[in-house]
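Reading the structure
Each chain is listed here by its residues.
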Amino acid sequence: MSDFYTLTGIKKSFEGKGELIHVLDGIDLSIREKEFVCIMGNSGCGKSTLIKIMEGIIPRDGGEIIFDGISPGKQVSKELQKKMGIVFQGDNLLEWLTVYKNVELPLKVFGQKDKAENKAKVMEALELVGLQNYWDCIPRELSGGMRQRTSIARALVSDPDILMLDQPFGALDAITRKTLNQELLRIWHTTQKTCVMITNNENEALYLGGRVLVMSNSPSRIVHEIEVPLTYEERVNNLALNPIYLKLRTELARIVRSLDTPRQN
Amino acid sequence: MKINSKAVNICAPIIVIILLIILWQIICTVTNISFHVLPKPGEVGTALVENFRGTILLDTMASVKVMLIGYCIAVPLGFVIAAISSQFTLAVRSIMPVLIILMLTPMATLVPIFKLFWGVDPTLKILIVVLQCTPVIAVNSLSGFIYVPEAKKELMRALGCRKWESFFRVTVPNAMPQIFTGLKLGCILCTIAAMSADISVGQGGLGYRIQVASSLSATDLAYAAIVVAAILGVALYMIVSVIESRIVTWK
Ligand SMILES: Nc1ncnc2c1ncn2[C@@H]1O[C@H](COP(=O)(O)OP(=O)(O)OP(=O)(O)O)[C@@H](O)[C@H]1O
Ligand SMILES: [Mg+2]
């Protein structure tokens, strides 16, 4: 497994009221092909900022990015963005478009005009998330879980190399969240896509992640890394009784609790 | 019957209108008010039928022409003004207040001044309608265009969308409800502007007929023309509302 998306020394500040707010203080992070990485950290530590830089939504102030062998300028380019599938913190669907048109959107923006081909891709993505019978609905007619599934289908439709998810299930109830986690794990297993996911939930992170990275409070760095040596079969069968999982969960909980004391500068 | 059913939505206002007409009739009968001030509904109806072929039909056609041409120029014009100025923060800041002032200016007041330069030209009425409708359409569209939720902007940036592409894919549909508010207010102002232009320019039209009829004490004819003018305004408004309900299906 080779390094696929590498970040070194990523820095980012925002203009606050009269002063600069340092959010990212040199993030080093390396994602291997086909792995599932989860990133955790306290609210406001800069998780969304980091993933937005990775997605090319905002420029970075400093540091290096290498994605798929290419080193983009200050902001990740459109060509690289075509290789990414993005799931936002809210579902972020366009409410005036049907499920079908929402999922088709990236194909259209990327200039893929062949209707029959697009239809096949959209229906395939919808089948993957189990929404093939709802293609004609508008977002208002769907439940929160179904909307989030639609946005996963939208991220998958262009057959990206990497899937990036920013707290995708944060707004869902516990049961729906669990179902969608199971689906996401299955999708990752079947599509073999590289996944980066931000989460604030330790169980979710260990259930999905092959590695869990923990960020410090801002100005943030990656301060902990946990390997989760569990196979796909172990994850889907009685994970709650698995001794490795239980041990890691205790460790991760301790780490996350230790973040509550702000870092000394 | 459900309170929200289509039948109720259509019947309820009609019943209210009929009740108002009955009330009108009662007031006329009870107070014995002069025909020259307020003719009975029946008399207005008779005047409408009797004068339909002779004057009202022609006046209506003249007014419809002014309203439709004016409105159809104002809609794309207002939209384009809003679309272009929404692209520049400075333009939004500077043009918005001007548009609001123009929107609130009664444009028929310009007629005497225009007359000085151009004499009485039939296109003057269309100009008045365009001047009156464009700002309200532009103001509402613009306020829709400048508000796009941050998450939607991020979605378009994540897809590497060009500026104009995200304008048509996100900004415009997102602003549709406000655009239609502008279009509907435009209908109202269009009717008012067309009538006041008729009155100040002359040369036919329902507004002109109202003025002439009242000066000749043909109050029943004046009221008949007012009723037709109201119907025109309502019809225009309803056409736009129906289009809105076909387009804005997600609200
Ligand atoms: N556009 C911006 N302008 C100014 N400050 C910003 C901007 N975006 C983020 N910030 C600041 O950067 C910090 C990190 O924000 P970020 O959204 O990355 O946090 P987060 O880790 O994703 O939090 P959460 O878990 O609540 O989503 C916050 O203090 C926030 O106020
Ligand atoms: Mg966030």
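In this text, all values refer to a predicted model and were calculated from it rather than measured experimentally. Along each chain, residues carry numbers from 1 onward, in the same order as the chain's sequence is written. Each chain is given a letter, starting from A, and each ligand a number, starting from 1, according to the order in which they appear as written. It should be noted that, the model being predicted, local features are given only for residues of pLDDT at least 70 and side-chain atom pairs only at 80 or more, the latter also being counted only at that level, while totals for whole chains, interfaces and linings use all residues. With hydrogens and water stripped out, all remaining heavy atoms of the structure feed into the side-chain values.

Once that is clear, we can look at the packing of helix α4 (residues 111-118) of chain B against helix α5 (residues 123-146) of chain B. Axis angle and axis distance: for two packed helices, these are the angle between their axes and the distance between the axes, and together they describe the pair. Residues and elements named next belong to chain B. Every angle, taken between N-to-C directions, lies between 0 and 180 degrees, and every axis is a line fitted to C-alpha atoms, over only the stretch in contact when it is a helix. Numbering of helices and strands runs from the N terminus, with a helix taken as a DSSP run of H or I at least four residues long and a strand as a DSSP run of E at least two residues long. Where α4 contacts α5, the axes come no closer than 11 Å and their chain directions differ by 140°. Considering the angle they form, α4 stands oblique to α5. Read as a crossing pair, α4 and α5 show a hand that is right-handed. Contacts from Val111, Phe114, Lys115 and Trp118 in α4 reach Leu124, Leu127, Ile128 and Leu131 in α5. Lys, Arg, Asp and Glu make up the charged group, whereas Ala, Val, Leu, Ile, Met, Phe, Trp, Tyr, Cys and Pro make up the nonpolar group; the residues left over, Gly among them, are polar. For the contact of α4 with α5, the class distribution of residues is seven nonpolar, no polar and one charged. An angle below 35 degrees is treated as roughly parallel, one above 145 as roughly antiparallel, one from 65 to 115 as roughly perpendicular, and anything else as oblique. By definition, any crossing whose near helix is turned counterclockwise from its far helix by less than a right angle is left-handed, and any crossing with a clockwise turn is right-handed. Residue contacts are defined here by distance: any two heavy atoms, one from each residue, within 4.5 Å place the two residues in contact.

Pairing of aromatic rings covers Phe, Tyr and Trp, the last through its six-membered ring, and needs centres within 6.5 Å; plane angles under 30 degrees mean stacked, over 60 mean edge-to-face, and all others mean tilted. Under the criterion given, the structure shown has 10 aromatic pairs over all chains. For the pair A:Tyr5 and A:Phe67, a centre-to-centre distance of 4.7 Å together with 20° between the ring planes defines the contact as stacked. Linking A:Tyr5 in strand β1 (residues 3-15) with A:Phe67 in strand β4 (residues 62-67), this pair joins segments that are 62 residues apart in sequence. Comparing A:Tyr5 with A:Phe67, the two get one shared label, buried. Judged by centre distance (5.6 Å) and plane angle (90°), the rings of B:Phe79 and B:Phe145 are edge-to-face. Note that B:Phe79 is positioned in helix α2 (residues 41-85) and B:Phe145 in helix α5, a separation of 66 residues in sequence. By way of ring pairs, the aromatic residues B:Phe79, B:Phe145, B:Phe167 and B:Phe168 are connected into one cluster. Residue burial is assigned from relative accessible area. The probe radius is 1.4 Å, only protein chains are included, and a residue is buried under 20% of its type maximum, exposed over 50%, and partly exposed in between.

Right, let's get into the confidence of the model for chain B. Confidence of the predictor at the level of single residues is captured by pLDDT, which takes values from 0 to 100. Averaged over every residue, the pLDDT of chain B is 92; residues scoring 70 or more account for 99%. Both scores are given for the predicted complex: the pTM is 0.88, the ipTM 0.91.

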